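An overview of the molecular structure
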Amino acid sequence: MDPSPTSQSRVGTRAAHPSRGRGLRGWLMKRGGRVQTWKKRWFAVVGDQLYYYRTPSDPRPTGYIPLPGNQVLRHPFDPRHPDKHMFEIVAGDRRLQVRNHESFMMSAESAEELDTWVSVINRIIREVDSASCMHDNMFVDCIAL
């Protein structure tokens, strides 16, 4: 195995460049998995995955969040932290855990950015989950989505 920093930062075969695709891209704060500190990360929606990078020019993602089968929770605004407009991606029907996360907590800079991210992510989850259910002949179960 190649011990170079590039090979260690690779996320399996799920590498996607942040400038590829037509999905939503931008800065969010992300709370760490093992160490619960907040770090600024560049996020890019590519297909049905949400990739995150240290910078927009990074060739490989730092990590990714699978969206199908999961849910987005919008956290209430906290006046003690006016700069944090938080949402969380949590396990839905399928298991979410990736690396050191059981859920992913993010924060947008404004309420408008929060609305955009939550709306786009929810649309992807609904579209992918609906397509999956119809493919599996479980359309009746999908109506609840």
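Notes on the structure in this doc start here. Computed from a predicted model, the values in this text were never measured in an experiment.

1. Some points on the overall build of the protein
- In terms of regular secondary structure, the protein is built from three helices and seven strands.
- Traced from its N-terminal end to its C-terminal end, the protein shows the element sequence α-β-β-β-β-β-β-β-α-α.
- The buried share among the 145 residues of the protein stands at 38%.
- Summing over all exposed atoms, the protein offers an accessible surface of approximately 8,900 Å²; the carbon and sulfur share of this is 51%.

2. Observations regarding the sheet that holds strand β5 (residues 70-74)
- What the seven strands build is an open sheet, ordered β4-β3-β2-β1-β7-β6-β5; its pairing is antiparallel. Both edges of this open sheet fall to β4 (63-66) and β5, since each of them pairs with a single strand only. Sheet twist, expressed as the mean angle between neighbouring strand axes with direction ignored, is 35 degrees.

3. Quick word on the environment of Phe77
- Along the polypeptide, Phe77 turns up in the loop between β5 and β6 (85-91).
- A relative accessible area of 48% means that Phe77 is categorised as partly exposed.
- Residues Phe77 and Ala111 lie 34 residues apart in sequence; the distance between their C-alpha atoms is 9.0 Å.
- Dropping the residues within four chain positions of it, Phe77 is found in contact with Pro82, Lys84 and His85.

4. Concerning a negative patch on the surface
- Where like charges cluster on the molecular surface, the negative patch consists of Asp83, Glu109, Glu112 and Glu113.
- By the element assignment, Asp83 lies in the loop between β5 and β6.
- Judged by relative accessible area, which is 52%, Asp83 ranks as exposed.

Calculation rules
Counting restarts for each chain, with residues numbered from 1 along the sequence as it is written. Restriction of local features to residues with pLDDT of at least 70 applies here, the model being predicted, together with a cutoff of 80 or more for giving and counting side-chain atom pairs; totals for whole chains, interfaces and linings are based on all residues. Calculated side-chain values reflect all of the structure's heavy atoms, with hydrogen atoms and water omitted. Secondary structure elements are defined from DSSP: runs of H or I of at least 4 residues count as helices, runs of E of at least 2 residues count as strands, and each element is numbered from the N terminus. Accessibility here uses a 1.4 Å probe with only protein chains present; expressed as a share of the type maximum, an area under 20% marks a residue as buried, one over 50% as exposed, and anything in between as partly exposed. All accessible areas in this document rest on Shrake-Rupley with a 1.4 Å probe, and a residue is counted as covered only by the protein chains that are shown. Strand pairing is defined by DSSP finding a minimum of two bridges between the two strands. In this analysis, axes come from line fits to C-alpha atoms, helices being fitted only over the stretch in contact, and the angle between any two N-to-C directions falls in the range 0 to 180 degrees. In this analysis, two residues are considered to be in contact whenever any of their non-hydrogen atoms come within 4.5 Å of each other. Patch definition: residues with relative accessible area over 30% and no salt bridge; like charges joined within 9 Å; nonpolar side chains (Val, Leu, Ile, Met, Phe, Trp, Tyr) joined within 5 Å. Any carboxyl oxygen of Asp or Glu that lies within 4 Å of a side-chain nitrogen of Lys or Arg is treated as forming a salt bridge with it. A residue counts as positive if it is Lys or Arg and as negative if it is Asp or Glu; His and the chain ends are not included. Working definition for charges: the position is that of NZ of Lys, CZ of Arg, CG of Asp or CD of Glu.

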